[in-house]
Amino acid sequence: MTEQHAVPTPETARPRLPETTDVVLLTQSLMDIESVSGNEGAIADAVESYLLARDHLEVHRDGDTVVARTRCGRAERIVLAGHLDTVPLPTTEGSRGTVPSSWEGEVLYGRGATDMKGGVAVQLAIAAELVEPNRDITFIFYDHEEVEASKSGLGRLLRNSPELLEADFAILLEPTNGTVEGGCNGTTRFLLRTSGTAAHSARAWMGHNAIHDLADVLSRLQAHQPATVDVDGLAFRESLNAVRIGGGTAGNVIPDAAEVEINYRFAPSKTVEQADAYVRGLLPGHDIERTDGAPGARPGLNHPAAAAFVAAVGAEPKPKYGWTDVARFSELGVPAVNFGPGDALLAHSDNEHVSAQALRECHAALNRWLAP
């Protein structure tokens, strides 16, 4: 039997980005490269090749994370960061949030349109155009954002080459409809378990129903009124919800075990430990295990670079309710905000899309702030 070997992909067969700084064409080209988490190699190759063609950039590669840096000797360095991966492609027939992309008028449809290949395209255009920006810039294009945090390319870069993340200010180009969103909420997840005694459902009095014991938990969660917390001038709305529930073994058995998963999104003024104590205080006497937790990020809008950027954008900043990687920069002591093209509510949807106008406006705002 002949041993089979994988045939390397010829250089000419690898996807490449067009030699353009047109942010719309770059977005379309990026969207046409499938890059579901775990499959970022091709798009990372394309991004790396595009950046290596720019003599003014110093380019680094760590797995499927690509970093490019200007070295102009400016007094201030900022980071522009965005992830290359997307969530899986939709399975619904006729979905437009897939690969390759498609146009309807001036609107571009497809996976990654908002989350976040439009933002990545803006980064690439700025990287190519601004040979001598008024601030030194580190461009980070990273893998594995849409999966568990342990796989994050940004986290791996922090472990392997922390000096590449050193900066005075950072912008994550997540979709924000072209408005600065400061900081982000923190997030925790818990499993709350109840236990009972199994019995035949025809003789239910011989057992104890673990699912019924969740009634008190669910009623407390339903009655809970989420707080809105002012943090550095932005109002962060919290949320506490049951997100998954399970229990039981058969249709004729009283269940002896049940569990509910709870997600708490908390204001960035709280630590993970304070969030943990808050949830346990609302649900006393229950078996609760914290399974995940990530702190939020304060807005950081009082930093001079952030204030200058907000002025360049020209819109009132808002809070970021979801968790984003601005929290990683915040933990490093680097103030960070979210700013990118497209509507975050369309992210991961079967109808994901972004307008050409939104892409151009985001690019123009960053260019106004960074151009010499």
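Being a predicted model, the structure only gives us computed values, none of them experimental. (Residues numbered from 1 in each chain as written. Predicted model: local features only at pLDDT ≥ 70, side-chain atom pairs only at ≥ 80, totals over all residues. Heavy atoms only, no water.)

**As for the sheet that holds strand 4 (residues 102–104)**
Note the following rule: We treat two strands as partners when DSSP finds at least two bridges between them. Labels follow the DSSP assignment, with helices taken as runs of H or I lasting at least four residues and strands as runs of E lasting at least two, numbered in each case from the N terminus. Helix axes are fitted to C-alpha atoms over the stretch in contact, other axes to C-alpha atoms as well, and angles between N-to-C directions run from 0 to 180 degrees.
Reading across from one edge, 4-5-19 is the order of the three strands in this open sheet, with antiparallel pairing throughout. Because the sheet does not close on itself, it has two edges, and the strands there are strand 4 and strand 19 (353–355). Strand after strand, the sheet turns through a mean of 25° between neighbouring axes, direction not considered. Here strand 5 (residues 107–109) runs beside strand 19; their pairing, made up of three bridges, is antiparallel. Looking across to strand 19, one finds that Val107 is bridged to Ser355.

**Remarks on the pattern of salt bridges**
We apply this condition: Here a salt bridge means any side-chain nitrogen of Lys or Arg lying within 4 Å of a carboxyl oxygen belonging to Asp or Glu. Any residue under 20% of the maximum accessible area for its type is buried, any over 50% is exposed, and the rest in between are partly exposed; the area is computed with a 1.4 Å probe on protein chains only.
One pass over the full model with this rule turns up 26 salt bridges. Taking the shortest distance from any N to any O, the salt bridge between Arg298 and Asp232 comes out at 3.1 Å. Of the two residues, Arg298 is situated in the loop between strand 16 (287–294) and helix 7 (304–313) and Asp232 in the loop between strand 11 (228–231) and strand 12 (234–237); the sequence distance between them amounts to 66 residues. Assessed through its relative accessible area of 46%, Asp232 is described here as partly exposed. Across the salt bridge formed by Arg280 and Asp276, the nearest N and O atoms sit 2.5 Å from each other. Of this pair, Arg280 and Asp276 both sit in helix 6 (residues 272–282), separated by four residues, roughly a single helical turn. Assessed through its relative accessible area of 32%, Arg280 is described here as partly exposed. Each of the salt bridges in this network shares a partner with another, and the network as a whole consists of Arg193, Arg244, Glu259, Glu261 and Glu289.

**Let's talk about helix 9 (residues 356–370)**
For the record, the criterion: A helix is expected to span 1.5 Å multiplied by its residue count minus one.
With 15 residues, helix 9 should cover 21 Å at 1.5 Å per step; its first-to-last C-alpha distance of 21 Å lies within 8% of that length. Of the positions making up helix 9, those classed as buried are Ala356, Ala358, Leu359, Cys362, His363, Ala365, Leu366, Trp369 and Leu370.

**Overview of the pairing of strand 6 (residues 136–142)**
Counting buried residues in strand 6 gives seven out of seven residues, a clear majority hidden from the surface. Burial along strand 6 is two-sided: the face carrying Asp136, Thr138, Ile140 and Tyr142 and the face carrying Ile137, Phe139 and Phe141 are both buried. Relative to strand 6, strand 2 (residues 65–70) runs antiparallel, the two sharing four bridges. From the neighbouring strand, Ala68 faces strand 6, where its bridge partner is Phe139.

**Overview of the packing of helix 3 (residues 113–129) against helix 9**
Put simply, the rule is: Orientation categories follow fixed angle ranges, with anything under 35 degrees roughly parallel, anything over 145 roughly antiparallel, 65 to 115 roughly perpendicular, and all other angles oblique. Handedness of each helix crossing follows the sense of rotation of the near helix against the far helix: counterclockwise by less than a right angle gives left-handed, clockwise gives right-handed. Contact between two residues is taken to exist if any of their heavy atoms lie within 4.5 Å; hydrogens are not considered. Residues are sorted three ways: Asp, Glu, Lys and Arg are charged, Ala, Val, Leu, Ile, Met, Phe, Trp, Tyr, Cys and Pro are nonpolar, and all the rest, Gly among them, are polar.
Contact geometry of helix 3 with helix 9 gives a least axis separation of 10 Å together with a crossing angle of 40°. Comparing the axis directions of helix 3 and helix 9 gives the class oblique. Crossing hand, helix 3 versus helix 9: right-handed. In this structure, helix 3 contributes Gly118, Val122, Ala125, Ile126 and Glu129 to the contact, and helix 9 contributes Leu359, Cys362, His363, Leu366, Asn367 and Leu370. Taken together, the residues that form the contact of helix 3 with helix 9 break down as seven nonpolar, three polar and one charged.

**Observations concerning the confidence of the model for the protein**
Quick reminder of the rule: For every residue, the predictor reports its confidence as pLDDT, a number between 0 and 100.
Averaged over every residue, the pLDDT of the protein is 93; the share at 70 or more is 97%. Low confidence marks residues 1–9, where pLDDT is under 50. Its contacts with residues over four positions away, or in another chain, come to one contact.

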